Amino acid sequence: MLRSSFLAVSGSLLLASACTDDDGNRSERYRVEIRRTSYGIPHIKADDMPSLAYGAGYASAEDHGCTIAEQILKVRSERARFWGAGEDDVHLNSDLAYKHIGVYAKAEAEFGDLPEEIQDTIEGYAAGFNAYLADAGSEAFPGACAGEPWVRELDAIDLYAYYRELALLGSGRQLLDYIATAQPPGAKQLPAPGLERLREWKESPFGSNGWGIGSDMSTSGGGMLLANPHFPWEGELRLWESHLTIPGELDVYGAGLIGVPVVLIGFNEAVAWTHTVSAGQRFTFYRLDLVPDEPTRYYKEGQEVEMSSESYTVQVLGEDGEVRDVSRTLYRSEYGPVLNISPFSWGKEYTFSYRDANIENTALISQFLAMNRAGSMDEFQAAHRDNLGIPWVNTMSTSADGRAWYIDSTPTPNLSDEAIAAWRQRLEGGDFFALAFESLGTVMLEGSTERDAWVEVEGARSPGLVPWDELPQLERSDFIFNANDSHWMTNPAALLEGYSPMHGAERTGRSVRTRMNATILTEGSAGFAGDDGSFTLAELQAAALSNRGKSEELLRDQLVQRCTGVDTVVVEGETIDISQACAILADWDGLLNLDSVGAVVFREYINDYDGGLFFDRGSLFATPFDADDPVNTPSDLAPPRADDTDRSLEALARGVSRLQQAGVALDASLGEAQFTKKGDREIPIHGGGRAEGVTNLIEYSNSLNSSWVPPISRGEVVHGASDLTTEGYVVNYGTSFIMTLAFGEDGPEATAFVTYGQSEDPESPHYTDQTELFSQKAWRPILFAEEDILDDPELETKTLIAYE
């Protein structure tokens, strides 16, 4: 039994959490110092990795204890036990699906085989979380979970199960409802979720920008980095900033997903890195050809194969307050769980399964710990080669000596040329295979043939994955970047071609956001880099939050020419005055800053076009995409139709009508119309959406928030594509932890924001302080050097000691 107490010492605040057993033995197990500087940033220092993790667990519980407790409830398959079945059985399905995927069972089976240091690190983090829970009590937890019965101690298996589940974010985690409701004909049928839900996830704004700048474009000659992940501002996918130090061994600064004991995006003295979500395939669907009248048997190379099945029982809290057992039998093929996706439901002829490239990923923590420790770019690259544990993101990196390196090392299905050719041929048939790719961007293969099996080769982390030497990667001395399109245009001067289509498309149109990133990086002395064509840190900051939009730069002038002199446009029988809107667009500064008047008019105009129109010639662009000029094409406003009606003027008119319906003035500045809610406050936010092609992506999304806490409320939606509501534009997603960094003679210098604040506690000053900074573009210096930490006027220090 462990007992806990606090000891206060005069001077700088020193708190010791002293744990003793019943016999009074006091053998130290963990000792760690936590120093909080301005904006609540913890600088955590210890002499060993388990103690460092103990401090990280304690400090993260102070800021985000509710979120961590929620994730453990999820992987334990206990959401329905405490929250009920949920709307459309969302909690019940989650609990059953995670049991069927085997997240917790795999964690129990694998934990003892992890490297001893990784086991000790995870155990230390769990002990730190539990120490805060014991010291403060669940009533003191920040956020809505205070005092809830599901806020309990956790252990290393719980955490490792969560890390295994995090690896499935781009695959199995998005298929929970489809897994949990799959029942064969003859059994009680459960509602089949439609493609819309999966399409919403696939088309969600989940993304980021990342730049690695080399010596050729850096004023100091050292590398530079822009980290700009676009993540939710609420829920479990927020990022938490920290500084982790083991003297002489580790000194790394950055941000990570809540509950993870290492830095996922950050820097040390030698290297800096960031991530963007990969465009590659993390799983493949398989169509199974069923044996007639035997729906749990399918054909493989002409032979009958029996599916496996298992029954699971979870507890469900009823509306009457009683907890009851609910059992369900679920099925799997040799590839993985059977799915119930309308129209891919379980019928008499076919059913559908999937294989997950991350289901065997046990290396998440090992991967990032090796990156955190890397003492050079060579060591950083070796961390990727030796672990191959990056689950679903590209990596953009740079080094103190000015090397810039990109890689998509995510686990990717390794298909034979024959299988790829057959799949491409099936896309022309307009059947399930084409529907899966056209609607979801997901590859569907034939489960009845060995031809479509994943190919096993040496050099892959797990059987069936693309090996290290076939992964897309590029090292440059000028720059590399990614903005969620595929690897192809990592640098327009060195296009990456000849890779498997499972990594993403090549020689196809790029998003306008990708093109805006590339434009800024290739403008040279005409852009932010200044007369010398290289960046200073201040110039990098200006570029990062320039709030330029590629769609505006391509189309606005031509649209103004088109609408000038036109007073009204008839759309669907309604006559709409566009004269004021046209004049506003003519005077607009072209940016998405708080004081930009005209931004909301252009936003509604450009979002009148479907997303697929931004990649080639059509009703938006006149000049087609040219694979030899991917930054500048497609371009030019499409001409009027043959009957002289003008699609562009109709789009502008519909935009005017929507703004009037929403009660947003045409001449409203962006800061008057766009904001986030923090408690009872509304804080104006700059930036824009996907259609505008701005690097500073700012939107609203609830498709990535599985928290029990509802997302930020907003008014009635007037236009879903632009997020326009009767309250204006409410923000809860986008630029999250944004960092600019430059390596110089004195080491790394960096600035950052956590746009939604370091704490989820509405009573904390760190709930809103950085949101206000971001609103003002007032970059916050990162305190990395010891003297800067000690000089901080807000410095508070505590030491935690835990005894065996």
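A.B. asks: Sorry, what's going on with the overall build of the chain here?
C.D. replies: Counting its secondary structure elements, the chain contains 21 helices and 37 strands. Whereas a compact globule of 804 residues would reach a radius of gyration of roughly 28 Å, the chain reaches 27 Å, a difference of no more than 12%. Each of the three principal axes of the chain carries a C-alpha extent, and together these read 90 × 75 × 55 Å. For the chain, with 804 residues in total, the buried portion stands at 62%. Looking at the chain alone, contacts between residues at least 24 apart form 68% of all its contacts between residues at least 6 apart. On the chain, roughly 29,000 Å² of surface is accessible, and the fraction owed to carbon and sulfur atoms is 45%.

A.B. asks: What's the story with the state of the cysteines in this structure? I'm lost.
C.D. replies: The bond known as a disulfide is covalent and runs between the sulfur atoms of two cysteines. Tallying each qualifying case throughout the model produces 2 disulfides. Between the sulfur atoms of C66 and its disulfide mate C145 the distance is 2.0 Å. Across the disulfide from C66 to C145, rotation about the S-S bond amounts to roughly -90°, and the bridge is consequently left-handed. Highlighted residues: C66 in helix 1 (residues 49-75) and C145 in the loop between helix 5 (116-136) and helix 6 (156-166), separated in sequence by 79 residues. Through a disulfide, C563 is tied to C582; the S-S separation comes to 1.9 Å. Because the torsion about its S-S bond is 80°, the bridge between C563 and C582 counts as right-handed. With a gap of 19 residues between them, C563 in helix 15 (residues 550-563) and C582 in helix 16 (residues 579-587) connect regions that are remote in the sequence. C563 sits in the buried class, given a relative accessible area of 1%. Here C582 falls in the buried class, since its relative accessible area comes to 4%.

A.B. asks: When you look at the pattern of salt bridges in this model, what are you seeing that I'm missing?
C.D. replies: Pairing is possible between side chains that carry opposite charge, provided their charged atoms lie close to one another. On inspection of all chains with the given rule, the structure shows 50 salt bridges. With a shortest N-O distance of 2.8 Å, K300 and E334 are connected by a salt bridge. A residue pair is termed long-range when its members are at least 10 positions apart, and K300 in strand 12 (residues 294-300) and E334 in the loop between strand 15 (323-332) and strand 16 (338-339) qualify at 34 residues. Taken together, the salt bridges that share partners define one network made up of R426, D431, E446, R451 and D452.

Scoring rules and cut-offs
Residues numbered from 1 in each chain as written. Predicted model: local features only at pLDDT ≥ 70, side-chain atom pairs only at ≥ 80, totals over all residues. Heavy atoms only, no water. Helix = DSSP H or I, 4+ residues; strand = E, 2+ residues; numbered from the N terminus. Rg over C-alpha atoms; globule rule 2.2 N^0.38 Å. Buried < 20%, exposed > 50% of the residue type's maximum accessible area, 1.4 Å probe, protein only. Contact = heavy atoms within 4.5 Å. Areas by Shrake-Rupley, 256 points an atom, 1.4 Å probe, with all protein chains shown as cover. Disulfide = S-S within 2.5 Å. Salt bridge = Lys/Arg side-chain N within 4 Å of Asp/Glu carboxyl O.

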